[in-house]
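Residue-level structural notes
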Amino acid sequence: MADKTPSSTGLRGMSAGSTALCTVGKDGSGLTYRGYDIHDLAEHARFEEVAYLLLKGTLPTQDELDAYVATLKTLRGLPDALKTVLEQLPADTHPMDVMRTGCSVLGNLETEASFGEQQAHSDRMLAAFPSIINYWYRFSHEGVRIDTETDDDSVGGHFLHLLHGKPASELHARAMNVSLILYAEHEFNASTFTARVCASTLSDIHSCVTGAIGSLRGPLHGGANEAAMDMIENWQTPEEAEHEILGMLSRGDKIMGFGHAIYRESDPRNAIIKQWSKKLAEDVGDSVLYPVSERVEAVMWREKKLFCNADFFHASAYHFMGIPTKLFTPIFVCSRLTGWCAHVAEQRGNNRIIRPSADYVGPEKRDWVPMEQRG
Ligand SMILES: CC(=O)SCCNC(=O)CCNC(=O)[C@H](O)C(C)(C)COP(=O)(O)OP(=O)(O)OC[C@H]1O[C@@H](n2cnc3c(N)ncnc32)[C@H](O)[C@@H]1OP(=O)(O)O
Ligand SMILES: O=C([O-])CC(=O)C(=O)O
């Protein structure tokens, strides 16, 4: 029988299925993708290699990786009908809504006709998502129609190239590579679970991903990197940051970018992205945002034993690369897409419709009240 204590609210601590894709918080604070430790992946792998690992099941050989990268490059162009839709979306549209619509429209134009096509559609979305968000962003904010077919070797480099209109520096391409690896997969998080629930009805891949984007949008999940940036950019010194954080805590506010549903002491992705944030801060000569972020981290641990999750230092890292805050969560989408699609394939491979029960807390059975007797 299901545990009905309050600690099970939000299905916390309950297994909702099995996966061969990822472990979160096993052996302390670890994170692995198909058995490979996140530290090794972040240090040695290219994001495209990690995408291949998640989507196709094994690390690629050099030839397989070269062929995969070449294939992704051919899939960056957008259909005219999709560009027309993106051009209708105003500049003040939430970029995650743009991603959601872009994915859905792609699914109308290039529908998954059978599950045998899943790999091809996953690769297509991996290549096209940076094009979708940047096509809309540059058109709605700068009035330019960009060519989305670049020759960049990496998804991260492609993203930055489209955004800034010039190839990314090596430092920025490397930082994006690590960021995309860190965000790629995380077991049964809310957006992935959304994708799996949708897949369990035998729906199409674009519906699964569209739903997942909607779940990632919220500030308790992927939207936290933007919310963290909106918070820390207000503070000019570590002292001011400490004062404001203490005030927020005393009012019972949530501090975005801190805490986790599974990890208890640390999120292993934080130390990695924090290092990159430091490197990028030195590169731009920052003397405000990084020290402010470090102070917030120290105060949160001292006061509440709450640690930074993957999102907190992503905020400053992305900011130092000149990425507008509103595009932070869409970058998460461009990466997590790989995990979502791998989970959809896994769900389809051993499917039973996901349909839990609920504890009814409403009124007892009662008599129908005719209209004239109400009020
Ligand atoms: C990539 C990602 O999606 S990572 C997550 C990104 N989200 C955020 O950064 C949003 C801020 N964090 C949070 O809201 C939460 O920590 C979540 C949503 C990540 C996890 O939620 P839960 O599993 O419910 O957290 P948990 O059970 O550990 O909370 C324990 C206590 O710490 C508090 N707490 C948790 N996170 C925070 C926070 N960021 N700021 C202040 N207090 C917090 C909770 O309110 C709770 O207090 P209570 O017992 O008095 O109610
Ligand atoms: O696992 C979670 O609940 C949230 C998270 O960190 C992620 O999706 O990367």
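Residues numbered from 1 in each chain as written. Chains lettered and ligands numbered in written order. Predicted model: local features only at pLDDT ≥ 70, side-chain atom pairs only at ≥ 80, totals over all residues. Heavy atoms only, no water.

1. A look at the layout of surface pockets
If you add up the space inside the second largest pocket, you get close to 380 Å³. Taken together, 18 residues line the second largest pocket, and the ones lying closest to its centre are Ala 42, Glu 43, Arg 174, Asn 177 and Val 178. The set of elements that each furnish at least two residues to the lining of the second largest pocket consists of helix H1 (38–44), helix H8 (170–183) and helix H13 (268–284). With 5 residues, the single largest contributor to the lining of the second largest pocket is H8. Three or more residues apiece are contributed to the lining of the second largest pocket by two domains, here domain 1 (70–219 + 331–349) and domain 2 (224–321). (1 Å grid on protein atoms, 1.4 Å probe; cavity = no way out; pocket = protein on both sides within 12 Å on 5 of 7 lines; lining within 4 Å. Points joined across faces, edges and corners; volume = space filled by probe spheres on them. Helix = DSSP H or I, 4+ residues; strand = E, 2+ residues; numbered from the N terminus. Domains from an automatic or database assignment.)

2. Focus: the site of ligand 2
Residues in contact with ligand 2, as listed here, are His 186, Asn 189, His 221, His 260, Arg 269 and Arg 336. Note that an oxygen atom of ligand 2 is positioned 2.7 Å from one of the side-chain N or O atoms of Arg 269. Between ligand 2 and Arg 336, the relevant distance is 2.7 Å, taken from an oxygen atom to a side-chain nitrogen or oxygen of the residue. A total of 260 Å² of accessible area belongs to ligand 2 in isolation, and the protein chains cover 83% of it. Per-class residue counts for the shell around ligand 2 are no nonpolar, 4 polar and 2 charged. (Near = heavy atom within 4 Å. Polar contact = N/O pair within 3.5 Å; in protein donor to acceptor, adjacent residues only side chain to side chain. Areas by Shrake-Rupley, 256 points an atom, 1.4 Å probe, with all protein chains shown as cover. Nonpolar A, V, L, I, M, F, W, Y, C, P; charged D, E, K, R; others polar.)

3. Let's talk about the side chain of Arg 336
Structurally, the position occupied by Arg 336 is in helix H16 (residues 328–349). Buried within the structure, Arg 336 lacks any salt-bridge partner; Glu 185 is the closest side chain of opposite charge, at an N-O distance of 5.2 Å. Here Tyr 183 takes part through its backbone oxygen, which lies 2.7 Å from a polar atom of the side chain of Arg 336. A distance of 3.4 Å separates the side chain of Arg 336 from the backbone oxygen of Ala 184, its partner in a polar contact. (Buried < 20%, exposed > 50% of the residue type's maximum accessible area, 1.4 Å probe, protein only. Lys, Arg positive; Asp, Glu negative; His and termini not counted. Salt bridge = Lys/Arg side-chain N within 4 Å of Asp/Glu carboxyl O.)

4. Considerations on the UniProt feature "active site" (unreviewed entry) in the protein
Cross-referencing UniProt, the feature "active site" (unreviewed entry) maps to His 260 and Asp 311 in the present numbering. Over a stretch of 52 residues, the named residues converge on one spot in the fold, their C-alpha atoms separated by at most 10.6 Å. Note that His 260 resides in the loop between helix H12 (238–250) and H13. When neighbours within four sequence positions are excluded, His 260 is seen to be in contact with His 186, Asp 267, Arg 269, Phe 307 and Asn 309. A distance of 2.9 Å separates a polar atom in the side chain of His 260 from the backbone nitrogen of Ile 262. By relative accessible area, Asp 311 is classed as buried at 6%. (UniProt positions renumbered as here; feature names shortened; annotations may be inferred. Contact = heavy atoms within 4.5 Å.)

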